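# Architecture at a glance
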There are 2 protein chains.
Amino acid sequence: MIARTPEKFEETGIRVRLHTPVDEIDTRAGEVRLAGGERLPYDTLVVATGAAAVTPAVEGVDHAGVFVLRNLRDAQDIKAYIREKGCRKALIVGAGFIAMEMSEGLAAIGVETEIVYRGKLPVRRWDPEFGTMVLSELERHHVSFLPERDLEGIERGADGRLRMHTSGGTLEGDIIVLALGVRPDTNMARQAGCALGETGAVGVDEHLRTSQEGVYAVGDCCEAFDRVAGRWVHVSMGDVANKQGRIAGRNIAGMAASFPGIVGAQSFKIFDLELGATGLDEERARGAGFDPASTIVWGSPIAGSLNIEKKKLGLKLVADTRTGRLLGAQAIGHGGAVGRINALSACLWAGMTLEDVAFMDLAYAPPFGGAWDLVHIGAQVLQKKLT
Amino acid sequence: MIARTPEKFEETGIRVRLHTPVDEIDTRAGEVRLAGGERLPYDTLVVATGAAAVTPAVEGVDHAGVFVLRNLRDAQDIKAYIREKGCRKALIVGAGFIAMEMSEGLAAIGVETEIVYRGKLPVRRWDPEFGTMVLSELERHHVSFLPERDLEGIERGADGRLRMHTSGGTLEGDIIVLALGVRPDTNMARQAGCALGETGAVGVDEHLRTSQEGVYAVGDCCEAFDRVAGRWVHVSMGDVANKQGRIAGRNIAGMAASFPGIVGAQSFKIFDLELGATGLDEERARGAGFDPASTIVWGSPIAGSLNIEKKKLGLKLVADTRTGRLLGAQAIGHGGAVGRINALSACLWAGMTLEDVAFMDLAYAPPFGGAWDLVHIGAQVLQKKLT
């Protein structure tokens, strides 16, 4: 556990034991057995073991200079390695938001960066039209994107540089970052006898209780209820973890509190580009039993008359053909994307239909959008498609 | 009527007659009588006469160099006057969002500006804490704000400059802008026998039909239903007018369509500061029969760790003590205010309670906010206050 201010906890009588691995949880005895053999009794246990970065099953991922990016320590290690070895060239494997943020970070310190990805376009959660815009933003900032390449192995060359073998040839770099997503770290929970959900993460109820009496789970190791899909999912988001932690804490303290679930809102920044997404894409909508239709509309993040830089804003909406219910949204733009996604997340939270959204009252002023916001335009265009 | 592209209408067979005053509407004959005596028969008539700028009942408001700011023509006239007369000093009367935007526009072309206001702080719709922040922003950009002064009269001095007499002394300027709000222009509608609502604006139903058969009204001349207050109100907003126009048009074309009303969302920019508001403040909430409580929370528009410029974001929430229902919100900040107000407008649109808002899933990423967004913090703080 890394706590920046353990003293703060200590002041309130909470004891923080860092660098203290747990060997075993004995739920019958109500004890946690520490690595050194010490036993800690508990009334209530919270499993907050987080997620582990996915490491591909290929040769050479354990070479020095090959990193994953999961926690603060990873970031510190990467920075130290770049500084000590004088790295000039980085290879990133993966093209999700962590890979994107990493490429911006590396570019900011002058490290030449190539992104290697098995798919065609970055940011798979977003529509290919938006992935293409991300690609332009990467190119504009001199980050290379090498699509359709599988990672096959890593070795260290005679010259000391790392060599990455891919299905599209061999690349060289001074440092490699693997950004291939995460999986819930459920070792401890399983060992305690907590049942896992269908997603493979720890199953919890709305109070964050696991199947094991007296044991709660919160954060990236456990599931969350997706209000749009109507099913339990595994997401790995800091804000969700925070909320779950607070709800579990209230329950443990004897206060009634339920975690109301998620709609899957997410955002990130890559250079000057904002991306946001919420709810379901078509594939996940179909998986959840809906009959989705979608539309993409392009406009301006501010009133057209003020948009002298010709900044673009793209919005994709997904809705259920049968009911008109809004199911999801994606946005991209040089500004303005995340605000729209937050408004649409509130619409998803409330279970609104396109009809509800199409004439919704938003705070219009030319510096922030048109009199018809792209949210209205998208909802009206998609409404027409459904009828 | 000012239409920038009358040709576009003509192409579709719509005849546009500019600079054509209407003398009388004869609803029995179904005719509009034009100033020259010509009669135009109609099946359906849309009254879209807008609002008129409020002019105070004092001496001298008709002097050359004294302007109101209502339409494009006013703006053009103001620009021409400043250019031709070489104006160096402007006086603005009023401190609403038009006055604020005007002061920024004048500062941008190097005209020294003083705002004269009868109240203590600018932007009355917003909490005094936020008004104080606006005041700092004005000062930072060298716009003077003279509070608690009533306008008593205007005259032209012997030197040709305008002299404004106020309850706090006499001021001099080259140009004066009166930004004292608007009132619905209902002359034509009343003359046609359309009933006015309690607000003094033209009464309409959800289809934008007035009390007079075959006569619709849309935009700033008519009322809109406030979904939060549960009553008809008069607002004067371009986006609301656009929506009403579309709904009226659909009805006239034989399509079923209802205007779902408003929640009173509004925003504007003053220099680098964003302001947004939606729903009711305490006073209007009480007027609508609620028992309001409120809180103000201050935070950061982006994650604190990234906020090296120490930008601030303030959020005020108003909710009903009895039901916990969210009633209104105000936000101010160097960025981030309008996005929050739009998300909260969607919450108002759906009739959410503080409990719904407090753990709502928003698109968290450090460039756009904290893991606990100020929206969550505000809702939780106000929830505690209510219990």
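Cut-offs applied
- Residues numbered from 1 in each chain as written.
- Chains lettered and ligands numbered in written order.
- Predicted model: local features only at pLDDT ≥ 70, side-chain atom pairs only at ≥ 80, totals over all residues.
- Pairing = 2+ DSSP bridges.
- Helix = DSSP H or I, 4+ residues; strand = E, 2+ residues; numbered from the N terminus.
- Axes fitted to C-alpha atoms, helices over the stretch in contact; angles between N-to-C directions.
- Least-squares fit on C-alpha atoms with pLDDT ≥ 70 in both.
- Contact = placed C-beta atoms within 7 Å.
- Core = buried A, V, L, I, M, F, W, Y, C linked by C-beta atoms within 7 Å.
- Buried ≥ 20, exposed ≤ 12 C-beta atoms within 10 Å, placed from the backbone.
- Expected span 1.5 Å × (residues − 1).
- Parallel < 35°, antiparallel > 145°, perpendicular 65-115°, else oblique.
- Left-handed = near helix turned anticlockwise from the far one by under 90°.
- Nonpolar A, V, L, I, M, F, W, Y, C, P; charged D, E, K, R; others polar.
- Domains from an automatic or database assignment.
- pLDDT = per-residue confidence, 0-100.

### Notes on the sheet that holds strand S9 (residues 144-146) of chain B
Sheets are built from strands paired through backbone hydrogen bonds, the pairs being either parallel or antiparallel. Residues and elements named next belong to chain B. The strand order S6-S13-S7-S8-S9 describes an open sheet built from 5 strands, whose pairing is parallel. The two strands at the open ends of the sheet, each matched to only one other strand, are strand S6 (66-68) and S9. Sheet twist, expressed as the average angle between the axes of neighbouring strands with direction ignored, equals 20°. In this sheet, strand S13 (residues 175-178) lies alongside strand S7 (residues 89-93) in parallel orientation, the contact comprising 4 bridges.

### Things to note about the relation of the copies chain A and chain B
With an RMSD of 0.0 Å, the fit of chain A onto chain B corresponds to turning through 180° and sliding 0.0 Å along the axis. Within this description, the copies of the chain are treated as partners about a two-fold rotation axis. A high fraction, 100%, of the interface residues of chain A reappear at the interface in chain B, so the copies pair face to face through one surface.

### What about the nonpolar core?
Judged by nonpolar contacts, the single largest core of 229 residues is most densely connected at Val47(A), Val177(A), Ala217(A), Val47(B), Val177(B) and Ala217(B). Beyond its immediate sequence surroundings of up to four residues, Val47(A) is in contact with Met188(A), Ala189(A), Ala192(A), Cys194(A), Val202(A), Val215(A), Tyr216(A), Ala217(A) and Cys221(A).

### Focus: helix H3 (residues 97-108) of chain A
Residue and element names in this part refer to chain A. If you check H3, its first and last C-alpha atoms are 17 Å apart, about what 12 residues at 1.5 Å a residue would give, namely 16 Å. Here H3 has its buried residues at Phe97, Ile98, Ala99, Met100, Met102, Ser103 and Leu106. Against the buried residues of H3 lie strand S7 (89-93), strand S8 (112-116), helix H4 (128-140), strand S13 (175-178) and strand S18 (266-270). Within two residues after H3, glycine 110 carries a phi angle of roughly 80°, on the positive side.

### Some thoughts on the packing of helix H8 (residues 337-349) of chain A against helix H8 (residues 337-349) of chain B
A pair of packed helices is captured by two measures, namely the crossing angle of their axes and the spacing between those axes. As a packed pair, H8(A) and H8(B) sit with axes 8 Å apart at the nearest point and diverge in direction by 15°. Looking at the two axes, H8(A) sits roughly parallel to H8(B). Crossing handedness for the pair H8(A) and H8(B): right-handed. Packed against H8(A), whose contacting residues are Val338(A), Gly339(A), Asn342(A), Ala343(A), Ala346(A) and Cys347(A), the element H8(B) presents Val338(B), Gly339(B), Asn342(B), Ala343(B), Ala346(B) and Cys347(B) at the interface. For the contact of H8(A) with H8(B), the residue count by class is 8 nonpolar, 4 polar and no charged.

### Structural notes on the environment of Glu148(B)
Within the element layout of this structure, Glu148(B) appears in the loop between S9 and strand S10 (151-156). Along the primary structure Glu148(B) and Thr20(B) are separated by 128 residues, whereas in three dimensions their C-alpha atoms are 42 Å apart.

### Remarks on the interface of chain A and chain B
Every contact between the two is made by 39 residues of chain A and, on the other side, 39 residues of chain B. Counting only elements with at least two residues in the side of chain A that touches chain B, the list comes to helix H6 (238-252), S18, strand S19 (273-279) and H8 of chain A. The biggest single contributor to the side of chain A that touches chain B is H8(A), with 9 residues. For the side of chain A that touches chain B, the per-class residue count stands at 25 nonpolar, 9 polar and 5 charged.

### Details of the domain arrangement of chain A
Domain assignment breaks chain A into domain 1 (6-50 + 186-252), domain 2 (66-182) and domain 3 (266-386). Between the C-alpha centres of domain 1 of chain A and domain 2 of chain A the distance comes to 32 Å.

### Describing helix H2 (residues 72-85) of chain A
For H2(A), built from 14 residues, the straight-helix expectation of 20 Å at 1.5 Å per residue is met to within 8% by its first-to-last C-alpha distance of 20 Å. Backbone geometry just after H2(A) places Gly86(A) at a positive phi near 60°.

### Brief notes about the confidence of the model for chain A
When pLDDT is averaged along chain A, the result is 95, and 98% of the positions lie at 70 or above. Scoring the predicted complex yields pTM 0.96 and, for the interface, ipTM 0.95.

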